[in-house]
Amino acid sequence: MTDAHHPTPTTASAPAPAPGEGGFTHALREGVRPAWDRAVDHRFVRELHAGTIADDVMAGYLIQDHRFLDAFLQLIGGAIASADTPAARLRFATFAGEVAGDENTYFLRAFDALGVSESERESTPDTPATTGFLAIFREAAETSDYAAILAVLLVTEWLYWDWAQRAPRPLPTSFVHAEWIDLHDNPDFVEFVDFLRSELDRVGESSPQRARELFERTVDLENDFFDQSYGEEQHRERQHDEGQEARR
Ligand SMILES: Cc1ncc(CN)c(N)n1
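It should be emphasised that the depicted structure is a prediction, and the values quoted were computed from it without experimental measurement. (Residues numbered from 1 in each chain as written. Predicted model: local features only at pLDDT ≥ 70, side-chain atom pairs only at ≥ 80, totals over all residues. Heavy atoms only, no water.)

1. Looking at the environment of leucine 153
The line we're drawing: Secondary structure elements follow DSSP: runs of H or I of four or more residues count as helices, runs of E of two or more count as strands, with numbering from the N terminus. Classification of residues uses two cut-offs on accessible area relative to the type maximum, computed with a 1.4 Å probe and protein chains only: under 20% is buried, over 50% is exposed, and between them is partly exposed.
With respect to the secondary-structure elements, leucine 153 resides in helix 9 (residues 146-164). For leucine 153, a relative accessible area of 0% corresponds to the buried category. Taking the C-alpha atoms as reference points, leucine 153 and glutamate 21, 132 residues apart in sequence, are found 20 Å from one another.

Here it is in structure tokens:
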């Protein structure tokens, strides 16, 4: 409601400058440069860009990634609740709709194309990286600290944009590969990453220690997640072989 007693809140101060060198988020990324570079040049990324990634690896990766939805929405919910401006709250609400919409339908179509059944999805255990991500999303959300929540959210989106924007064009022919790249490198997503950076540049100094620590741990989890997608491939192959063995 807006009236004389409840004026529409406005942004705290002058608009934040465009994110760039010298800001809080730039320093955060420079602080984890080796781990960041390892993630954006990971074997998973290179094979995805080339369209050569094994179906088993992609399937295992997507099974794990789809597990994020609930905890990730909690993290975005934390951002909505803790943001200090109505404009930011609105932006996160829009993002929540995108994650629950376009991204979720991509997963279901990809599972169909890769022949991943619902029972396989359900019987596949979480990898340690997935467990770690679910925990850090909830941990950050529970802090109710806008800067801490932004730090985790920024890694998951900025790092993904960074590898996606390196993809050579044209994109791979399989929609499973091309859409996963495009979901993380399109004008709306780029604008969202810029928004996250501007927000954390603006509020990061309020709890720099906690934000930095969460940022670093999330980058490590991104590497673990890619690494363990290849472990998952071995796990699925093992299950497949054991199934065949049992039928003999
Ligand atoms: C592991 C991981 N990190 C980031 C994103 C991009 N939201 C993702 N889908 N999965």
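Read on, since the account is not over.
2. Re the UniProt feature "active site" (unreviewed entry) in the chain
Let me state the cut-off plainly: UniProt positions are given in the numbering used here, feature names are shortened, and annotations may be inferred rather than shown by experiment. By definition in these notes, contact holds between two residues if any of their heavy atoms fall within 4.5 Å.
In the numbering used here, UniProt assigns the feature "active site" (unreviewed entry) to Glu222. On the secondary structure map, glutamate 222 appears in helix 12 (residues 208-247). The contact partners of glutamate 222, leaving out residues within four places of it in the chain, are Phe133, Val155, Thr156, Leu159 and Tyr160.

3. Things to note about the environment of glutamate 30
Convention followed: For this analysis, a polar contact is any N or O atom pair within 3.5 Å, provided that within protein one partner can donate a hydrogen and the other can accept it, and provided that sequence-adjacent residues contribute only side-chain to side-chain pairs.
Relative to the helices and strands, glutamate 30 resides in helix 1 (residues 24-31). One polar contact links glutamate 30 to arginine 33, side chain to side chain, over a distance of 3.1 Å.

4. Brief notes about the packing of aromatic side chains
What counts, and what does not: Here a Phe, Tyr or Trp ring, Trp counted by its six-membered ring, pairs with any other such ring whose centre lies within 6.5 Å, and the pair is stacked when the planes are under 30 degrees apart, edge-to-face when over 60, and tilted otherwise.
Tallied over the full model, the rule gives 25 aromatic pairs. With 6.2 Å between their ring centres and 10° between their planes, tryptophan 36 and phenylalanine 215 make a pair best called stacked. Remark: phenylalanine 215 occurs in helix 12 and tryptophan 36 occurs in helix 2 (residues 33-40); sequence separation between them is 179 residues. Like phenylalanine 215, tryptophan 36 is buried. Aromatic side chains phenylalanine 95 and phenylalanine 192 sit 4.0 Å apart centroid to centroid with 20° between the ring planes, which places their arrangement in the stacked category. Linking phenylalanine 95 in helix 6 (residues 86-114) with phenylalanine 192 in helix 11 (residues 187-203), this pair joins segments that are 97 residues apart in sequence. Comparing phenylalanine 95 with phenylalanine 192, the two get one shared label, buried.

5. Looking at the site of the ligand
What counts is decided by this rule: If even one non-hydrogen atom of a residue comes within 4 Å of a molecule or strand, that residue is called near it. As defined here, a cavity is a set of points on a 1 Å grid over the protein atoms alone where a 1.4 Å probe fits but cannot get out. A pocket is an open set with protein on both sides within 12 Å along at least five of seven lines, and residues line them when an atom is within 4 Å of a point. The rule for placing a molecule in a cavity or pocket is simple: more than half of its atoms must lie within 2 Å of the grid points. In this count, Pro and Cys sit with the nonpolar residues alongside Ala, Val, Leu, Ile, Met, Phe, Trp and Tyr, while Asp, Glu, Lys and Arg are called charged and the others, Gly among them, polar.
Taken together, Asp65, Phe68, Phe133, Thr156, Glu157, Tyr160, Trp180, His184, Glu222 and Phe225 make up all the residues around the ligand. Between the ligand and the protein, one listed contact pairs a nitrogen atom with a side-chain N or O atom of glutamate 157 at 2.9 Å. Glutamate 222 places a side-chain nitrogen or oxygen 2.8 Å from a nitrogen atom of the ligand. When atoms are counted within 2 Å of each cavity's grid points, the one that captures over half of the ligand is the largest cavity. Within the residue set of the shell around the ligand, elements represented by two or more residues are helix 9 and helix 12. For the shell around the ligand, a count of residues per class yields 5 nonpolar, 2 polar and 3 charged.

6. Digging into the side chain of asparagine 223
Locating asparagine 223 in the fold gives a position in helix 12. For asparagine 223, the side chain forms a polar contact with the side chain of arginine 38, separated by 3.0 Å. When sequence neighbours within four positions are dropped, the list of residues in contact with asparagine 223 reads Ala35, Arg38, Ala39 and His42.

7. Some details on the nonpolar core
Here is the rule we go by: Here, nonpolar core means buried Ala, Val, Leu, Ile, Met, Phe, Trp, Tyr and Cys residues that are tied together by side-chain atoms lying within 4.5 Å of each other.
With 75 residues, the main nonpolar core has Met58, Leu62, Phe92, Trp163, Trp180 and Phe215 as its most contacted residues. Considering every element that reaches this core, the biggest residue donor is helix 9, with 15 residues.

8. Some remarks on helix 11
So the rule is basically this: What a helix should span is 1.5 Å times the count of its residues minus one.
Here helix 11 spans 24 Å end to end across 17 residues, near enough to the 24 Å set by a 1.5 Å rise per residue. In this fold, the buried residues of helix 11 make contact with helix 1, helix 6 and helix 9.

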